[in-house]
Amino acid sequence: MRKKNKILLITLGILAGIIIAGGISYYIYIRSKIYNNSIYDIKGITYDENEKEEEPEVSYSEVQGITNILLVGIDARDINEPSRSDAILIATIDNNNKNLKFTSIMRDSYVEIKGLGETKINAAYAKGGIGLLIDTIERNFNLELDKYVVVNFLGFQDIVDALGGIEVNIKDYEIDEMNKYIGEVNENKSPKIESAGVNHLDGQRALAYTRIRKVGDGSYERTKRQREVMRLIAYKVMDLNVIQYPNILGKISDYIKTNIEPINIINYGYTVSKFQPLNVEELQIPLNELSEGRVYKGSWVLLMDKKQNSKILLNFILNNTLPSEKDINKDEFKKELDRYLKIDKPYKKPKIEKNKEKNKESLEIKTYKDDDSIDDEEYNDYDVEETTDFQ
């Protein structure tokens, strides 16, 4: 009998060893696919890639305090392909107040970018990758960031599909624009939206929903949709058992890049799952009251009061405070806007001149420092009527 027990224990030990080895191998595989520490080199932080790293301890723990993660959605089909950032959000896990926050940064925000001067913030990722984008946010809004996740279109679709889809209330004026984007990057396309109201969205349809541009309040409403989808994804993650997280990571590993260890991603998910009930707060930066959309130096941009917007952003993330009317100094914003307008070069439409030598028309086009020139699609992306961000 003792011999049988001994054989059983040895067998169980071998099986446990195989399972543990398999789990470690799977973890290493996922890490090799998604983990990218290049941000440290770009930001000038010394990092020795040959330095021996300790094996991550596979355990779940709550993250203390406040954790900010920069989420970047890019329109590239390949995660490593240079691209402008289509969506810029800051996810804040606030373990002090037990809530989750999403802050959208408008992609046409006019900011200072190292090496490029003042231009749209979405140029930072295209010109210098995630390091330059993080540096730009720190430089203009005084918010220090050291964690990021970059997701491309296919990755976003797979995340939603892995979670079983989401339920979204589609407005009637969104249907036609949304249907234009469904399946744009896929061979097998999901069904079009046929009616307004609550619809079940798989990955393709959820992606199309976040890309709607030319209806409602243009990009203002577009970023609101993006935050709504992130909120719904957070609720879906809450419903998962924590042991399902590694499987989700494995499914999307080809389409994301991050400098967060996979075990820490699981820890963050576990931390949020402890927030009962889950309270999600949202903010758009810059605030409508502290920015103005206009043609500036030949491009459609959002001019802003960076000082006031920075203060509001930090209060929201660090002090859990939503903006109110008392936080807005309209006189200071007007001074900042006037400063921009004094140095603006009026935009001129291309002038047609006749080429005397070749006896045909040629275009003499004014060029500006900002290489992202205005076009009708971008200009029509906005509704400039006054709206409010106050909750």
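Higher on the page you've got the structure.
Residues numbered from 1 in each chain as written. Predicted model: local features only at pLDDT ≥ 70, side-chain atom pairs only at ≥ 80, totals over all residues. Heavy atoms only, no water.

Regarding the packing of aromatic side chains
Here a ring pair, both rings aromatic, is described through the centre-centre distance and the interplanar angle of the planes.
And step 1. Within this structure, the stated rule accounts for 3 aromatic pairs.
And step 2. Ring centres of Tyr-110 and Tyr-296 lie 5.2 Å apart, and the angle between their planes is 80 degrees; on these two criteria the pair is classed as edge-to-face. With a gap of 186 residues between them, Tyr-110 in strand β4 (residues 110–113) and Tyr-296 in strand β11 (residues 291–296) connect regions that are remote in the sequence.
And step 3. Assessed through its relative accessible area of 0%, Tyr-296 is described here as buried.
And step 4. A relative accessible area of 1% means that Tyr-110 is categorised as buried.
And step 5. The ring of Phe-316 has Lys-101 lying over it, and the distance from NZ or CZ to the ring centre is 5.7 Å. (Phe/Tyr/Trp six-rings, centres within 6.5 Å; stacked < 30°, edge-to-face > 60°. Helix = DSSP H or I, 4+ residues; strand = E, 2+ residues; numbered from the N terminus. Buried < 20%, exposed > 50% of the residue type's maximum accessible area, 1.4 Å probe, protein only. Lys NZ or Arg CZ within 6 Å of the ring centre and 35° of its normal.)

So, the pattern of salt bridges
And step 1. Applying the stated criterion across every chain yields a total of 17 salt bridges.
And step 2. Glu-184 is the salt-bridge partner of Arg-211, the closest N and O atoms lying 2.6 Å from each other. Residue Arg-211 is found in helix α6 (residues 203–211), and its partner Glu-184 is found in the loop between α5 (175–181) and β8 (197–201); the two are separated by 27 residues along the sequence.
And step 3. Of the charged contacts in the structure, one is a salt bridge between Glu-221 and Arg-225, with a shortest N-O distance of 3.3 Å. (Salt bridge = Lys/Arg side-chain N within 4 Å of Asp/Glu carboxyl O.)

Thoughts on the side chain of Arg-225
And step 1. Relative to the elements of secondary structure, Arg-225 occurs in helix α7 (residues 219–239).
And step 2. In this structure Arg-225 comes out as buried when scored by relative accessible area, which is 2%.
And step 3. Ignoring any residue separated from it by four or fewer positions in sequence, one finds Arg-225 in contact with Tyr-173, Glu-174, Tyr-209, Ile-212 and Val-215. (Contact = heavy atoms within 4.5 Å.)

Examining the packing of α6 against α7
And step 1. For the pair α6 and α7, the least separation of the axes is 7 Å and the interaxial angle reads 145 degrees. Facing α6, whose interface residues are Tyr-209, Thr-210 and Arg-211, α7 presents Arg-222, Arg-225, Gln-226, Glu-228 and Val-229.
And step 2. Counted by class, the contact of α6 with α7 contains 2 nonpolar, 2 polar and 4 charged residues. (Axes fitted to C-alpha atoms, helices over the stretch in contact; angles between N-to-C directions. Nonpolar A, V, L, I, M, F, W, Y, C, P; charged D, E, K, R; others polar.)

Remarks on the environment of Ile-105
And step 1. Within the secondary structure, Ile-105 sits in strand β3 (residues 99–105).
And step 2. Contacts of Ile-105, omitting those with residues within four sequence positions, involve Ile-88, Ile-90, Ile-121, Ile-137, Phe-141 and Ile-285.

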